[in-house]
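Here are the chains, one letter per residue:
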Amino acid sequence: MAQMMRHEELPIPIHSALEEVYGESSQLEEAQLRFHRLKTKFHKVFGHLPQLCARSPGRVNLIGEHIDYEGYSVLPMAIRQDTIVAIRRNEGEKVLRIANLNDKYQMCTYPADPNQEIDLKNHKWGHYFICGYKGFYEFSRSRGIDLGAPVGLDVLIDGTVPTGSGLSSSAALVCASTIAIMAAFEENFPKKEIAQLTCECERHIGTQSGGMDQAISVMAKTGFAELIDFNPICATDVQLPAGGTFVVAHSLAESQKAVTAATNYNNRVVECRLASILLAIKLGMKPQDAILNVKTLSDVEGLCISYASNHGSSDPNLAVKELLKEEPYTLDEIEKITGENLESIFQNSASSLDVLKAAKHFKLYQRASHVYSEAKRVHAFKDTVSSDLSDEDKLKNLGDLMNASHYSCSVLYECSCPELEELVNICKENGALGARLTGAGWGGCAVALVKDSIVPQFILNLKEKFYQSRISRGVINNNDLGLYVFASKPSSGAAIFKF
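What counts, and at which threshold
Residue numbers restart at each chain and count upward from 1, following the sequence in its written direction. Restriction of local features to residues with pLDDT of at least 70 applies here, the model being predicted, together with a cutoff of 80 or more for giving and counting side-chain atom pairs; totals for whole chains, interfaces and linings are based on all residues. Neither water nor hydrogens contribute to the side-chain values; these are computed over all heavy atoms in the structure. Only one rule defines a salt bridge in this text: a Lys or Arg side-chain nitrogen within 4 Å of an Asp or Glu carboxyl oxygen. Strands are runs of DSSP state E lasting at least 2 residues, helices are runs of H or I lasting at least 4, and numbering of each runs from the N terminus. Burial here depends on accessible area, computed with a 1.4 Å probe over protein chains only, as a share of the maximum for the residue type. Under 20% is buried, over 50% is exposed, and the range in between is partly exposed. Multiplying 1.5 Å by the residue count of a helix minus one yields the expected span of that helix. Bend at a given residue is defined as the angle between two axes, one fitted to the seven residues that end at that position and one fitted to the seven that begin there. Stacked, tilted and edge-to-face are the three classes assigned to paired rings of Phe, Tyr and Trp, where Trp is represented by its six-membered ring and a pair needs centres within 6.5 Å; plane angles under 30 degrees give stacked, over 60 edge-to-face, the rest tilted. Two conditions define a charge sitting above a ring: the NZ of Lys or the CZ of Arg must be within 6 Å of the ring centre, and it must be within 35 degrees of the ring normal.

(A) Layout of the pattern of salt bridges. Counted by the stated rule, this structure contains 24 salt bridges. Residue E422 is joined to R470 by a salt bridge in which the shortest nitrogen-to-oxygen separation is 3.1 Å. In this pair, E422 sits in helix α17 (residues 418–429) while R470 sits in helix α18 (residues 455–472), placing the two residues 48 residues apart along the sequence. Among the residues examined, R470 registers a relative accessible area of 9% and is labelled buried. A network of salt bridges, in which partner residues are shared, links R268, E271, K363, R367 and E414.

(B) Structural context of α18. A rise of 1.5 Å per residue sets the reference length of α18, with its 18 residues, at 26 Å; its end C-alpha atoms lie 24 Å apart and thus fit the reference within 8%. The principal kink in α18, of about 50 degrees, is found at F466. Within α18, the full set of buried residues consists of V455, F458, N461, L462, F466, Y467, R470 and I471.

(C) Molecular detail of the packing of aromatic side chains. The full count for this structure, using the stated rule, is 16 aromatic pairs. Taking the centre distance of 4.8 Å and the plane angle of 75 degrees together, the rings of F139 and F189 count as edge-to-face. Placement of F139 in helix α4 (residues 127–142) and of F189 in the loop between α5 (169–184) and α6 (191–202) is noted, with a sequence separation of 50 residues between them. Pair check on accessibility: F139 and F189 agree, each one buried. Ring-pair connections join several aromatic residues into one group, and the members of that group are Y133, F136, Y137, F139, F185 and F189. Taking NZ or CZ as reference, K124 lies 5.1 Å from the ring centre of Y110, over its face. When the ring centre of F466 is taken as reference, the NZ or CZ atom of R470 above it lies at 3.8 Å.

Now the structure itself:
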């Protein structure tokens, strides 16, 4: 236990050599090339070399989808793909200049003003850096740290986490940006505080993030998946059974979480809040108390379990089945039960008000059913890994849990899409022990659990049965296939480089 706490209490590691993060293989050669390009372009664009670099990885969530923002544990692992932020303080100019190694992304400039508002209607990639900038200043103020008058920052970014993939490219960028700014001001904080800070940062861009993506990006360890708990954030190492590999495959449907938030991601956050309030009221809480005190489905889990135990069960979903109707609720139906206008319930959340404007009805039964069953699957996954079963049986059970998770995401939470359904089915037909969408959904990636011995053939089968027709139509280039389908072992978390 002390070991686990120490890991979270440690600051972000500072390295002087790439080997300490990227190992000795072809991954190191690729990293050396990237850092050389970064330094060269930084000098070309800004006229001087960077002060330091920070890196933060993407992640694949193995199980526990759309439950972090409901207060439940999740089980992701970091992947080798990451975002690197090169930075230098520029005392001479009160401007933030944010450039990208990829010419597709134009330079963004912002005033060196930590109080500036982010223009959410004008979506720019540089906004993610500003999330970290604002968040770091807010956090420093709360800690009584005086950063002095704002200074200019020259910034160059390079990311290998595919955007819109459900592999947390946005969290990797926000985390790396926040850590780079922190290091440029010669500060460092415990990992768990940075995980919390970066989670709050991303809310500046209008997504009601639950914290999983930031926590794993900051706290990951090579060779382990992590069981991430919230309130407070902590990570428990999970050693995956021998003989299995996770293969990540992109559906090629981009998931634009920040752009579609009002109808997709944030809509589900609002539906879960409404489901929790209605359950609380139906389980005897006064409407005003429920509105004031119940924020997530985990807040009413105890009441649901008490109800279930009176009916010979311990499953909170029994309360959902008995007390919420399967048909979608209208705004009027919900307001009759709560006795209050929904706009006043969500008056402090602009992103939730956008959801109310866009929504015609609310599927509360389905969303609550998914959350409670998925929370249970996360612990079943962890229990399987630490059980006395043979590795073969462990892998089979983990695959079954992944399949059940996908069904729930697809049918109850409705966060899948036709391309993901096709990809998951092809994975299962070609030997995957289990396969599911991963990340927010509505596009992005699937993750499949595959026996080590068939990984090369499995990837070839995916190429032939899913990707070949897309290559023929020019959707992707054959040479880029390795970016869209790859095997992954658990990788390391965020780091600072000072050369």
